[in-house]
Amino acid sequence: MAVSLDGVPTADRLPVVVIGAGPVGLAAAAHLVERGLEPLVLEAGPSAGTAVRDWAHVRLFSPWAEVTDPAAEKLLAPTGWTRPDGASCPTGGDWAERYLQPLADALGDRVRYGATVTGVTRAGRDRVVDADRDAQPFTVHVERADGREERITARAVVDASGTWSVPGPMGADGLPALGEKAAADRISYRVPDLRDPAVRARYAGRRTAVVGSGASAFTALALLADLAGEEPGTHAVWVLRRGIGANTFGGGEADQLPARGALGLRARAAVEAGHASAVTGFRTRAVERDGDRLVLVAEDGRRPDPVDEIVVLTGFRPDLSFLSEVRLGLDERLQAPTALAPLIDPNVHSCGTVRPHGVNELSHPEKDVHLVGMKSYGRAPTFLAMTGYEQVRSVAAALAGDREAAERVELTLPETGVCGGAGLYDGPDAARGGEGGGCCAAPATLRIGVGAPTTTPSGGC
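Residues numbered from 1 in each chain as written. Predicted model: local features only at pLDDT ≥ 70, side-chain atom pairs only at ≥ 80, totals over all residues. Heavy atoms only, no water.

K.L.:
Can you tell me about the overall build of the chain, naming the residues and giving the values?
P.N.:
Across its full length, the chain carries 11 helices and 17 strands. Taking all 461 residues of the chain together, 51% fall into the buried category. Within the chain, contacts between residues at least 6 apart in sequence are counted, and of these 71% link residues at least 24 apart. For the chain, the exposed area adds up to about 19,200 Å²; of that, 50% sits on carbon and sulfur atoms. (Helix = DSSP H or I, 4+ residues; strand = E, 2+ residues; numbered from the N terminus. Buried < 20%, exposed > 50% of the residue type's maximum accessible area, 1.4 Å probe, protein only. Contact = heavy atoms within 4.5 Å. Areas by Shrake-Rupley, 256 points an atom, 1.4 Å probe, with all protein chains shown as cover.)

Have a look at this one:
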């Protein structure tokens, strides 16, 4: 192996470290291999798609055709892998077992499990030092499952670690509500898997507050409504920071994504049937104990009837702690790359108005560090797997020195806009669309960048 005078391997012989063996991290590795670069994927969990497996019971809105990456499929082809029916929508468990794990297996020893990244820095340089900075490789600090520590030298770092490990708190001000931590034994930050007997017993015959207004909250409401039909006394209290309006439950039957429309209709039906009640304009300040039950307290002093359990589904945020020694350019609101943030800002954009993007929007002051996938969106709430796959295609091209390909961003998006994830899992019919097949409308191809007109997509997130 070629080394520099100080004994450090030269950059062209070093791996590109990819953090996270989820959908976008594994796609990044596949694109790097296709470009002749050597990836090293570090996954904290014991298998591919560890975070995805946490919501194995939840069905995506996106069909198989939109959640597999082209470079990954090329890598899988020699193994005998065949893509599942492109028109059907997988559950998280399907995605992990039928695509992510086979892809990780095809990558072989390029994927390491039980490897938690605890820090990223330039070799011999903290974030303050300017001198000769860009010429130094990266040092990635890793803690193994058995407690051993190691340092890995890398030519570049692609952080695809996602946001799953940092759910948003209940407090309306972005911090945990008073008493939220003390009541942790009665609070969940995940859509409950009511197929699990222990989880089912936790919510059956009990009163549960569901805090949140997105698709995950819809899913939880619908599941608890089903449980209420089987277990008397089960009731959900839907806690919203906003009021209920015409768009609260989504597009319903008019939604060109049948799975998403059906989900909204199920949530509406739960309220109308009395299995769920809504508390609107409620900004949580505190959680208090009332004997064996919990009481939510609003900023305006309101105190609804006590509940037994609370499910908080208020989104996620990125873990930036292990990147403290590299120079990131992040938006002060979203914690997304500064050039990307205006494109995804939920104060301005719906998911249908986010245009395709690549390495230019994902670059930072620290050369060759890229946040991709859901991590790149920071606190923005909507993300599409296809967006992540295009991100890493562009980043891999840039790392390989093919700037023209990196800046020629190409992406196929459903015209209706898919805001992936948090769909229901109750049977194959719910996972398919209408006469056109699948759960998404026909896609449109968009091109942005070198040699292509700048176009704002009519849909897609």
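Don't stop here, the text continues.
K.L.:
Provide a residue-level description of the sheet that holds strand 5 (residues 138-144), including the pertinent values.
P.N.:
The strand order 4-5-6 describes an open sheet built from 3 strands, whose pairing is antiparallel. Among the strands making up the open sheet, the edge pair consists of strand 4 (115-122) and strand 6 (149-154). Strand-to-strand twist across the sheet, computed as the mean angle between neighbouring axes with direction ignored, equals 25 degrees. Where strand 5 and strand 6 come together, 6 bridges link them in antiparallel fashion. Across the sheet, Thr139 pairs through a bridge with Thr153, a residue of strand 6. (Pairing = 2+ DSSP bridges. Axes fitted to C-alpha atoms, helices over the stretch in contact; angles between N-to-C directions.)

K.L.:
Quick one: what's the story with the layout of surface pockets, residue by residue and with numbers?
P.N.:
Here the second largest pocket is characterised by a volume of approximately 500 Å³. Residue lining of the second largest pocket: 23 residues in total, with Asp69, Pro70, Glu390, Arg393 and Glu410 positioned closest to the centre. Sorting the residues of the lining of the second largest pocket by element identifies helix 1 (23-34), helix 3 (70-76), helix 10 (385-399) and strand 16 (408-414) as the ones contributing at least two each. The element that contributes the greatest number of residues to the lining of the second largest pocket is helix 10, accounting for 6 residues. (1 Å grid on protein atoms, 1.4 Å probe; cavity = no way out; pocket = protein on both sides within 12 Å on 5 of 7 lines; lining within 4 Å. Points joined across faces, edges and corners; volume = space filled by probe spheres on them.)

K.L.:
Report on the packing of helix 1 against helix 10, specifying residues and quantitative values.
P.N.:
Interhelical geometry of helix 1 versus helix 10 gives an angle of 35 degrees and a closest axis separation of 9 Å. Crossing of helix 1 over helix 10 shows right-handed handedness. Contact with helix 1, carried on its side by Pro23, Val24, Ala27, Ala28, His31 and Leu32, involves Gly388, Tyr389, Val392, Arg393, Ala396 and Leu399 of helix 10 and no other residues of that element. Each residue belonging to the contact of helix 1 with helix 10 can be placed in one class, and the counts come to 9 nonpolar, 2 polar and 1 charged. (Left-handed = near helix turned anticlockwise from the far one by under 90°. Nonpolar A, V, L, I, M, F, W, Y, C, P; charged D, E, K, R; others polar.)

K.L.:
So what about the nonpolar core? Which residues, and what values?
P.N.:
In this structure, Leu26, Trp95, Tyr99, Val158, Ile344, Val372 and Leu399 are the most contacted members of the largest nonpolar core, which totals 77 residues. Val117, Phe138, Leu323 and Leu371 belong to the second-largest nonpolar core, a separate cluster that totals 19 residues. (Core = buried A, V, L, I, M, F, W, Y, C linked by side-chain atoms within 4.5 Å.)

K.L.:
Outline empty space enclosed by the protein, supporting the account with residue identities and numerical values.
P.N.:
Under the defined criterion, the tally for this structure stands at 1 cavity of 30 Å³ or more. Estimates place the volume of the largest cavity at around 50 Å³. As for the largest cavity, its lining consists of Arg207, Val237, Val239, Leu294, Val295, Leu296, Pro304, Asp305, Pro306 and Val307. Elements that contribute at least two residues to the lining of the largest cavity include exactly strand 10 (235-239) and strand 13 (293-298). Looking at which element gives the most residues to the lining of the largest cavity, the answer is strand 13, with 3 residues.

K.L.:
Lay out the side chain of Ser376 in plain terms, naming residues and giving numbers.
P.N.:
By the element assignment, Ser376 lies in the loop between strand 15 (369-371) and helix 10. Of note is the side chain of Ser376, whose polar atom sits 2.6 Å from the backbone oxygen of Gly373. Dropping the residues within four chain positions of it, Ser376 is found in contact with Ala336, Pro337, Leu340, Ile344, Leu362, Leu371 and Gln391. (Polar contact = N/O pair within 3.5 Å; in protein donor to acceptor, adjacent residues only side chain to side chain.)

K.L.:
For the pattern of salt bridges, give the residues involved together with the corresponding values.
P.N.:
If the charged atoms of two oppositely charged side chains come close together, the side chains can form a pair. Within this structure, the stated rule accounts for 30 salt bridges. Linking Arg83 and Glu73 is a salt bridge whose minimum nitrogen-to-oxygen distance equals 3.2 Å. Of the two residues, Arg83 sits in the loop between helix 3 and helix 4 (92-107) while Glu73 sits in helix 3, which places them 10 residues apart along the sequence. In this structure Arg83 comes out as partly exposed when scored by relative accessible area, which is 38%. Here Glu73 falls in the partly exposed class, since its relative accessible area comes to 22%. Bridged by salt links that share partners, the residues Arg186, Arg202, Arg206, Arg293, Asp308 and Glu309 form one connected network. (Salt bridge = Lys/Arg side-chain N within 4 Å of Asp/Glu carboxyl O.)

K.L.:
Can you explain the pairing of strand 10? Please cite residues and give values.
P.N.:
Of all 5 residues in strand 10, 5 are buried; the element is thus mostly enclosed. Residue alternation in strand 10 divides its side chains into two sets, His235, Val237 and Val239 and Ala236 and Trp238, and both sets are buried. Considered for its hand, the β-α-β crossover made up of strand 9 (residues 207-211), helix 6 (residues 215-230) and strand 10 is right-handed. (Right-handed = clockwise from strand over helix to strand, strands pointing away.)

K.L.:
An account of unusual backbone geometry is needed here, citing residue identities and associated values.
P.N.:
Residues other than glycine seldom take positive phi values, yet Asp132 does so here, at roughly 55 degrees. Summarising the element assignment, Asp132 is placed in the loop between strand 4 and strand 5. Looking at Asp132, the relative accessible area reads 48%, which means it is partly exposed.

K.L.:
Account for the sheet that holds strand 7 (residues 156-159), with residues named and values stated.
P.N.:
Taken in spatial order, the 5 strands line up as 3-2-1-7-15 in an open sheet, and their pairing is parallel. On the outer flanks of this sheet lie strand 3 (111-112) and strand 15, each paired with one strand and no other.

K.L.:
Tell me about helix 10, and name the residues and values.
P.N.:
Its 15 residues place the ends of helix 10 21 Å apart at the C-alpha level, agreeing with the 21 Å of an ideal helix rising 1.5 Å per residue. Counting buried positions along helix 10 yields 15 of 15 residues, so the element is predominantly enclosed. Where helix 10 terminates, the next one or two residues include Gly401, which has phi positive at roughly 90 degrees. (Expected span 1.5 Å × (residues − 1).)

K.L.:
Tell me about the side chain of Glu180, and name the residues and values.
P.N.:
Looking at where Glu180 falls in the secondary structure, it is placed in the loop between strand 7 and strand 8 (187-188). Salt bridges are absent for the buried Glu180, whose nearest opposite-charge side chain, Arg241, sits at 7.9 Å. Separated by 3.0 Å, the side chain of Glu180 and the backbone nitrogen of Met170 make a polar contact. Excluding residues that lie within four positions of it along the chain, Glu180 makes contacts with Pro169, Met170, Gly171, Ile187, Tyr189 and Val287. (Lys, Arg positive; Asp, Glu negative; His and termini not counted.)

K.L.:
Any chance you could break down the environment of Thr121 for me, citing the residues and the numbers?
P.N.:
Position of Thr121 among the secondary structure elements: in strand 4. Among the residues examined, Thr121 registers a relative accessible area of 15% and is labelled buried. Sequence separation of Thr121 and Leu323 is 202 residues, and the distance between their C-alpha atoms is 7.5 Å. For Thr121, the residues in contact, after removing those within four places along its chain, are Asp126, Pro137, Phe138, Thr139, His141, Glu325 and Val326.

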